[in-house]
Amino acid sequence: AHFLRSARRLAARMDIPPTPDAPGRAPGRAVDPGVVYFVATPIGNMDDITLRALKVLRDVDLIASEDTRRTGQLLSQLGITGKRQVSHHEHNWRERVPQLLSRARDHRDAIAVVSDAGTPGISDPGAELARACQDHGVTVVAVPGPCAAIAAVSVAGITSGEFVFSGFLPASGADRQRRVEAVTSDTRAVVLYEAPHRLLRTLRDLVAASAEAGHPDGAARRLFCGRELTKVHEECFSGTLAEAIAHFDAGGSGVLKGEFTLVLFPDDNLSAARAEQAAEDQSAAARDMLEARAAGGDRLSSAVKDVCAATGLAKRKVYQMALDMPRRAWAGSSDE
């Protein structure tokens, strides 16, 4: 009821002064003909709808919805009526994408694309349509808003500023194993979505794969878990993988219901080890290049300059490597 009242209050504000009319746009409309708008919608809390999303949904000619019934309920709550919808989801996108392209390109319809919740194309239908629009010269416009992945990252406490989004893991098989291994060996934070009935299995798989990737104690790796983000029963858990398993397993205080967003923190020890190995490999490559240049009769100064450019190593370090080689290796004597 609170969300419904909030939505109606926002809808009532739709008489605010509109954005200045763009060239070619009908006066008072928030959309342009022949444009496809990818509109983010609330993931639980109706207060998160943006005024721009309200305007676009109100003014488009057609809405491509992952679930027309669910979007119909959203539109009703927002006070938007009489809007034409077509379904656009993972089971019909191959036939629907050409139809939507035709509506935008040939009929000049303004189209909004929405998923059941959140941002289209982020683990939801939309990516194929966006690519097809770009390939066929149809303008696409993002109408940003709620996204569970970004919401989780914003409160997870990732100090490095780097993360990668991996979405849902495959349910089973070799593909799942490969993805789990890739997630745990990545040196950045990784964001995952997970269903409640697979959460504990995923947490245990992350523990095992982290150990195999070189973490001395895979269960001690840090994790943030957001459950039902923005909703009434939202829960944010932060701790180790072992603590998360205990929290959500039988006997723990966690609740295995709703939608889960996981942020697996990078393994600092693994990252440091890889950085050290990369530095050693870079130095070894530089030494090999210097030896090859010396064997070819090059002068020390020109070889150092070229090796620095090729490897990115500091001139002082490369020069010392060259000096550590036998003096007779280099042509001439003025360089030494």
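Cut-off values and rules
Residues numbered from 1 in each chain as written. Predicted model: local features only at pLDDT ≥ 70, side-chain atom pairs only at ≥ 80, totals over all residues. Heavy atoms only, no water. Helix = DSSP H or I, 4+ residues; strand = E, 2+ residues; numbered from the N terminus. Buried < 20%, exposed > 50% of the residue type's maximum accessible area, 1.4 Å probe, protein only. Contact = heavy atoms within 4.5 Å. Areas by Shrake-Rupley, 256 points an atom, 1.4 Å probe, with all protein chains shown as cover. Axes fitted to C-alpha atoms, helices over the stretch in contact; angles between N-to-C directions. Parallel < 35°, antiparallel > 145°, perpendicular 65-115°, else oblique. Left-handed = near helix turned anticlockwise from the far one by under 90°. Nonpolar A, V, L, I, M, F, W, Y, C, P; charged D, E, K, R; others polar. Phe/Tyr/Trp six-rings, centres within 6.5 Å; stacked < 30°, edge-to-face > 60°. Lys NZ or Arg CZ within 6 Å of the ring centre and 35° of its normal. Expected span 1.5 Å × (residues − 1). Pairing = 2+ DSSP bridges. Salt bridge = Lys/Arg side-chain N within 4 Å of Asp/Glu carboxyl O.

Trainee: Help me get a handle on the overall build of the protein, residues and values and all.
Mentor: Tallying secondary structure elements over the protein gives 12 helices and 10 strands in all. Across the 336 residues in the protein, those meeting the buried criterion constitute 41%. Residue pairs in contact within the protein that sit at least 24 positions apart in sequence constitute 69% of those at least 6 positions apart. Carbon together with sulfur atoms contributes 51% to the accessible area of the protein, which is approximately 17200 Å² in total.

Trainee: Report on the packing of helix α11 (residues 300–311) against helix α12 (residues 315–324), specifying residues and quantitative values.
Mentor: At their nearest, the axes of α11 and α12 sit 9 Å apart, and the two run at 135 degrees to each other. Comparing their axes, α12 and α11 come out oblique. Handedness of the α11/α12 crossing: right-handed. Residue-level contacts link Leu300, Val304, Val307 and Cys308 of α11 to Lys315, Val318, Tyr319, Ala322 and Leu323 of α12. A class-by-class count of the residues in the contact of α11 with α12 yields eight nonpolar, no polar and one charged.

Trainee: Describe the packing of aromatic side chains, listing the residues and the values that go with them.
Mentor: Remark: the centre distance and the inter-plane angle together describe each pair of aromatic rings, the angle taken between the planes. One pass over the structure, following the stated rule, counts four aromatic pairs. Their ring planes at 85 degrees and their centres at 5.5 Å tell us that Phe248 and Phe260 sit as a pair that is edge-to-face. Here Phe248, found in helix α9 (residues 241–248), pairs with Phe260, found in strand β10 (residues 260–264); they are 12 residues apart in sequence, far enough to count as distant. In this structure, Phe248 and Phe260 share a single accessibility class: buried. Three or more aromatic residues joined by ring pairs make a cluster, and in this case those are Phe165, Phe168 and Tyr193. The residue whose ring lies beneath Arg222 is Phe265, and the NZ or CZ to ring-centre distance is 5.2 Å.

Trainee: Account for helix α8 (residues 199–212), naming residues and giving values.
Mentor: Spanning 14 residues, α8 covers 20 Å between terminal C-alpha atoms, matching the ideal 20 Å at 1.5 Å per step. Where α8 is concerned, the buried positions are Leu199, Leu200, Thr202, Leu203, Leu206, Val207, Ala209 and Ser210. Each element contacted by the buried residues of α8 is listed here: α7 (173–185), β7 (189–194), β8 (222–227), α9 and β10.

Trainee: Summarise the sheet that holds strand β5 (residues 140–143); cite the residues concerned and give the values.
Mentor: The five strands lie next to each other as β3-β2-β4-β1-β5, forming an open sheet whose pairing is parallel. Edge positions in the sheet fall to β3 (85–87) and β5, since each has one partner strand and no second. On average, adjacent strands in this sheet sit at an angle of 25 degrees to one another, irrespective of strand direction. Packed onto the sheet, helix α2 (residues 51–59) meets β1 (36–39), β2 (62–65), β4 (111–114) and β5 and runs at close to 135 degrees relative to β5.

Trainee: Which residues make up α11, and what values go with them?
Mentor: Taking 1.5 Å of rise per residue, 12 residues should cover 16 Å, and α11 covers 16 Å from first to last C-alpha, within 8% of that figure. Downstream of α11 by one or two residues, Gly312 has phi in the positive range, about 80 degrees.

Trainee: Explain the sheet that holds strand β9 (residues 235–240) residue by residue, including any values.
Mentor: The mixed open sheet is built from five strands, whose spatial order is β6-β7-β10-β8-β9. One side of each edge strand has no neighbouring strand; the edge strands of this open sheet are β6 (163–168) and β9. For this sheet, the mean angle separating the axes of adjacent strands, direction not counted, is 15 degrees. In this structure, β8 lies alongside β9, joined through six bridges in antiparallel fashion. By the bridge assignment, Leu223 is partnered in β9 with Gly239. On the sheet, helix α6 (residues 148–156) packs against β6, β7, β8 and β10 and is oriented at approximately 50 degrees with respect to β10.

Trainee: So what's going on with the pattern of salt bridges? Which residues, and what values?
Mentor: For the structure shown, the criterion picks out 16 salt bridges. Arg178 is paired through a salt bridge with Asp175; the nearest N and O atoms lie 2.3 Å apart. Of the two residues, Arg178 and Asp175 both sit in helix α7, three residues apart, roughly one turn of that helix. Assessed through its relative accessible area of 45%, Asp175 is described here as partly exposed. Between Lys231 and Glu259 there is a salt bridge; the shortest N-O distance is 3.9 Å.

The values are spatial; any link to function lies outside them.
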